[in-house]
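# Structural overview for review
If you want the building blocks of each chain, they are given just below.
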Amino acid sequence: MNFRIGQGIDFHRLEAGRKLWLGGVNIPSERGCIAHSDGDVVLHALCDAMMGAAGLQDIGHQFPDTDPAYKNIDSKILLKRTFSLISEKGFYVVNADCTVCLEKPKIASFVPEMKKKLSEILGTGEENVSIKATTTEKLGFTGREEGVVAIAVVLLDKKI
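Summarised in this report is the structure supplied together with it. (Residues numbered from 1 in each chain as written. Predicted model: local features only at pLDDT ≥ 70, side-chain atom pairs only at ≥ 80, totals over all residues. Heavy atoms only, no water.)

## Thoughts on the overall build of the protein chain
Summing up its helical and strand segments, the protein chain has five helices and seven strands in all. Ordered by position from the N terminus, the helices and strands of the protein chain form the series β-β-β-β-α-α-α-β-α-β-α-β. At 15 Å, the protein chain has a C-alpha radius of gyration in line with the 15 Å of a compact globule built from 160 residues. Along the first, second and third principal axes, the C-alpha atoms of the protein chain reach 45 × 35 × 25 Å. Relative to its full complement of 160 residues, the protein chain shows a buried share of 48%. Within the protein chain, contacts between residues separated by at least 24 positions form 71% of all contacts whose residues are at least 6 apart in sequence. If you average the places of the 20 positive and of the 21 negative side-chain charges in the protein chain, the two averages end up 1 Å apart. (Helix = DSSP H or I, 4+ residues; strand = E, 2+ residues; numbered from the N terminus. Rg over C-alpha atoms; globule rule 2.2 N^0.38 Å. Buried < 20%, exposed > 50% of the residue type's maximum accessible area, 1.4 Å probe, protein only. Contact = heavy atoms within 4.5 Å. Lys, Arg positive; Asp, Glu negative; His and termini not counted. Charge placed at Lys NZ, Arg CZ, Asp CG, Glu CD.)

## Section: the pattern of salt bridges
In this structure the tally under the stated criterion is six salt bridges. With a shortest N-O distance of 2.4 Å, aspartate 97 and lysine 132 are connected by a salt bridge. Residue aspartate 97 is located in strand 5 (residues 91-101), and its partner lysine 132 is located in strand 6 (residues 129-134); the two are separated by 35 residues in the primary sequence. (Salt bridge = Lys/Arg side-chain N within 4 Å of Asp/Glu carboxyl O.)

## A short note on the sheet that holds strand 6
Pairing within the open sheet is mixed, and its five strands lie in the order 4-1-7-5-6. What marks the edges here is a single partner per strand, and that holds for strand 4 (31-33) and strand 6. Neighbour to neighbour, the strand axes of the sheet diverge by 25 degrees on average, direction disregarded. The sheet contact formed by strand 5 and strand 7 (residues 147-158) spans 10 bridges and is antiparallel. Opposite cysteine 101, over in strand 7, you have valine 149 as the bridge partner. In the packing of helix 1 (residues 41-54) onto the sheet, the strands contacted are strand 1 (4-16), strand 5 and strand 7, and the crossing angle to strand 1 comes to about 155 degrees. (Pairing = 2+ DSSP bridges. Axes fitted to C-alpha atoms, helices over the stretch in contact; angles between N-to-C directions.)

## Points about unusual backbone geometry
Of the consecutive residues lysine 104 and proline 105, the connecting peptide bond is found in the cis state with omega at 5 degrees. By secondary structure assignment, the location of proline 105 is in the loop between strand 5 and helix 4 (111-122). The backbone of glutamine 57 sits at a positive phi, close to 65 degrees, despite the residue not being glycine. With respect to the helices, strands and loops of the structure, glutamine 57 is situated in the loop between helix 1 and helix 2 (59-62). The phi dihedral of glutamate 137 is positive, around 55 degrees, even though this residue is not glycine. Along the chain, the position of glutamate 137 falls in the loop between strand 6 and helix 5 (140-143).

## Brief notes about helix 1
With 14 residues, helix 1 ought to run about 20 Å at 1.5 Å a step, and its terminal C-alpha atoms sit 20 Å apart, in line with that. Burial of helix 1 is extensive: 13 of the 14 residues sit out of reach of the surface. The opening residue of helix 1 is aspartate 40, an N-cap whose side-chain oxygen sits 3.1 Å from the backbone nitrogen of valine 42. Two residues or fewer after helix 1 comes glycine 55, characterised by a positive phi angle close to 75 degrees. (Expected span 1.5 Å × (residues − 1). Polar contact = N/O pair within 3.5 Å; in protein donor to acceptor, adjacent residues only side chain to side chain.)

## Topic: the environment of isoleucine 27
Note that isoleucine 27 resides in strand 3 (residues 25-27). For isoleucine 27 and methionine 114, which are 87 residues apart along the polypeptide, the C-alpha to C-alpha distance reads 10 Å. Sequence-distant contacts of isoleucine 27, defined by excluding residues within four places in its chain, comprise Leu20, Leu22, Pro105, Ile107, Phe110 and Met114.

Here's what the structure looks like:
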C-alpha cells in the first residue's frame, strides 16, 4: 500500500448573470462564478487535492489561467486530465470528500447527480464520493453571498 492524502481548496467571487457550476452540474442560480474556466470550485478543489496527493503541484501549475486554451473550459475536462495525470503515476482514487460553503442556492437536491458525475470521471463507486454543503451562518464573504468556497480531501493508493 502506498496511501497518499491530498487536500484542496478553491474560492471564486459570484456575479449576477453568470452560470453556477458545482460538482460538474449547472445549478440554477441568479449568480455564478467569475473565473477563467467555468469556475467549478468543487472540481478545482478536487483537482488540487489529487495533484497534491500525487506530488503534481497544483491546478494553477498544470492548467494555468494565463493559457488561453483553458478559457471557459469545462472543469470536468480538467478533472479528467487530472485523473489521467495521477493514473500515469500509478495512483487511483480510494475516496474523495468535498464540502461546499455557500449561502444560496441550496444544493442538496443536486448532490446525487454530482456524485454520479464525479464517480464516473474518477473510476470509482458513488459510495466513495462524498459531497456536502454548509453555510457560514451569514459570516464573511460567503455569508454576504459574494463568493463560494469548496474544500476537498482525497485518498489515493498506488496500484500494485
